[in-house]
Amino acid sequence: MEFTYDSYGDLIALLRENGYQIADYHDYKKYENPCILRHDVDCSLEKALQFAQVEAKLGVKATYFVLVSSNFYNVFSKSSTAILKKLMALGHEIGLHFDETVYSVGGGWNLALIDHVIYEKGLLQSVCKKDISVVSMHIPSKELLEGDVQIPGMINSYSKEFFKSFKYVSDSEKRWREDVCSVVQSRAHQKLHILTHAIWYDQKELSLQGSIQSFLSERKDKSWDWIHESVIPLKNILCRGEIG
């Protein structure tokens, strides 16, 4: 499968042709062959919005997991808040993407770390003005994957229910560990749980290097805009094209 919007559309069509119904973490029990579509927003809310618009045209809804502790975007900024509102307006769900490595609490997945999940949930809720009830872990630890961690008031996407009972496939690092199309066509699994990362997808196929270069180029342009709008007018000091 290529990492293009058209190929993703073909995947959605393939799911439907093979009897799978697009579901979410709340309603999947209503379907005989549910498929949960999930996206971890590691780097770019802008790319997530592009992907969400593609899905809306395809008539599907997904869950977008957003970091509160990201080094790449600030969920409290005006531009980020606008994107989150657009994602929800398209019918998608916002979930919390939690990075356990941000915290040093000792003892692995103890109550202190769960308290941090609840705290970040509250922060994201204050931005979205909507209940956040699902969490996914950013680069989950072995303990998390094997421990079936229960978090009060939240659905853990890496719980046994969704990580073991469902067939889980992911495109992490722009590499499918298993051919997702073959998994779908085999019909060997009653329930599917598919994770994709919007940063890898574009109108045309790019190499891993090309995807990263595209993201970095976008970051340079955004940084120029932010400085120009918020700090000092740049157009008479440094042209956008002069950024190294």
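Heads up: the structure comes first, above all this text.
Residues numbered from 1 in each chain as written. Predicted model: local features only at pLDDT ≥ 70, side-chain atom pairs only at ≥ 80, totals over all residues. Heavy atoms only, no water.

### Topic: the overall build of the chain
Line of reasoning, step 1. Counting secondary structure elements, the chain contains eight helices and eight strands.
Line of reasoning, step 2. Taken over C-alpha atoms, the radius of gyration comes to 19 Å for the chain, in line with the 18 Å a tight globule of 244 residues would show.
Line of reasoning, step 3. Based on the C-alpha atoms only, the size of the chain along its principal axes is roughly 60 × 45 × 30 Å.
Line of reasoning, step 4. The burial tally for the chain puts 48% of its 244 residues in the buried class.
Line of reasoning, step 5. Residue pairs at least 24 apart in sequence account for 66% of intrachain contacts in the chain once pairs closer than 6 positions are excluded.
Line of reasoning, step 6. About 12300 Å² of surface is accessible on the chain, with carbon and sulfur atoms providing 51% of the total.
Line of reasoning, step 7. Charged side chains of the chain number 28 positive and 32 negative; the gap between the two group centres comes to 4 Å. (Helix = DSSP H or I, 4+ residues; strand = E, 2+ residues; numbered from the N terminus. Rg over C-alpha atoms; globule rule 2.2 N^0.38 Å. Buried < 20%, exposed > 50% of the residue type's maximum accessible area, 1.4 Å probe, protein only. Contact = heavy atoms within 4.5 Å. Areas by Shrake-Rupley, 256 points an atom, 1.4 Å probe, with all protein chains shown as cover. Lys, Arg positive; Asp, Glu negative; His and termini not counted. Charge placed at Lys NZ, Arg CZ, Asp CG, Glu CD.)

### Concerning the packing of aromatic side chains
Line of reasoning, step 1. Taken as a whole and judged by the stated rule, the model has 15 aromatic pairs.
Line of reasoning, step 2. For the ring pair Tyr8 and Tyr201, a centre distance of 6.3 Å and an interplane angle of 75° mean the geometry is edge-to-face. Pair noted here: Tyr8 is in helix 1 (residues 5-17) and Tyr201 is in the loop between strand 8 (192-196) and helix 8 (208-230), with a separation of 193 residues, a long-range link.
Line of reasoning, step 3. Given a relative accessible area of 0%, Tyr201 falls into the buried group.
Line of reasoning, step 4. Ring centres of Phe51 and Tyr201 lie 5.1 Å apart, and the angle between their planes is 80°; this geometry places the pair in the edge-to-face category. With Phe51 in helix 2 (residues 45-58) and Tyr201 in the loop between strand 8 and helix 8, this residue pair connects regions lying 150 residues apart in the sequence. The pair Phe51 / Tyr201 is uniform in exposure class, with both members buried.
Line of reasoning, step 5. One aromatic cluster is present, formed by Phe3, Tyr5, Tyr8, Phe51 and Tyr201 through successive ring pairs. (Phe/Tyr/Trp six-rings, centres within 6.5 Å; stacked < 30°, edge-to-face > 60°.)

### Topic: a nonpolar patch on the surface
Line of reasoning, step 1. Together, Val231, Ile232, Ile237 and Leu238 make up a nonpolar patch on the protein surface, roughly 370 Å² of accessible area in all.
Line of reasoning, step 2. Among the structural elements, Ile237 can be located in the segment after helix 8. (Patch = residues over 30% accessible without salt bridge, like charges linked within 9 Å, V, L, I, M, F, W, Y side chains within 5 Å. Salt bridge = Lys/Arg side-chain N within 4 Å of Asp/Glu carboxyl O.)

### Here's the deal with helix 2
Line of reasoning, step 1. For helix 2, spanning 14 residues, the distance from its first C-alpha to its last is 20 Å, which sits close to the expected 20 Å at 1.5 Å a residue.
Line of reasoning, step 2. Just downstream of helix 2 lies Gly59, where phi reads positive at about 80°. (Expected span 1.5 Å × (residues − 1).)

### Quick word on unusual backbone geometry
Line of reasoning, step 1. Of note, the phi angle at Ile139 is positive, near 50°, even though the residue is not glycine.
Line of reasoning, step 2. Note that Ile139 resides in the loop between strand 5 (134-137) and helix 5 (142-147).
Line of reasoning, step 3. The backbone phi angle of Glu173 is positive, close to 60°, even though this residue is not glycine.
Line of reasoning, step 4. Positionally, Glu173 belongs in the loop between strand 7 (167-170) and helix 7 (180-186).

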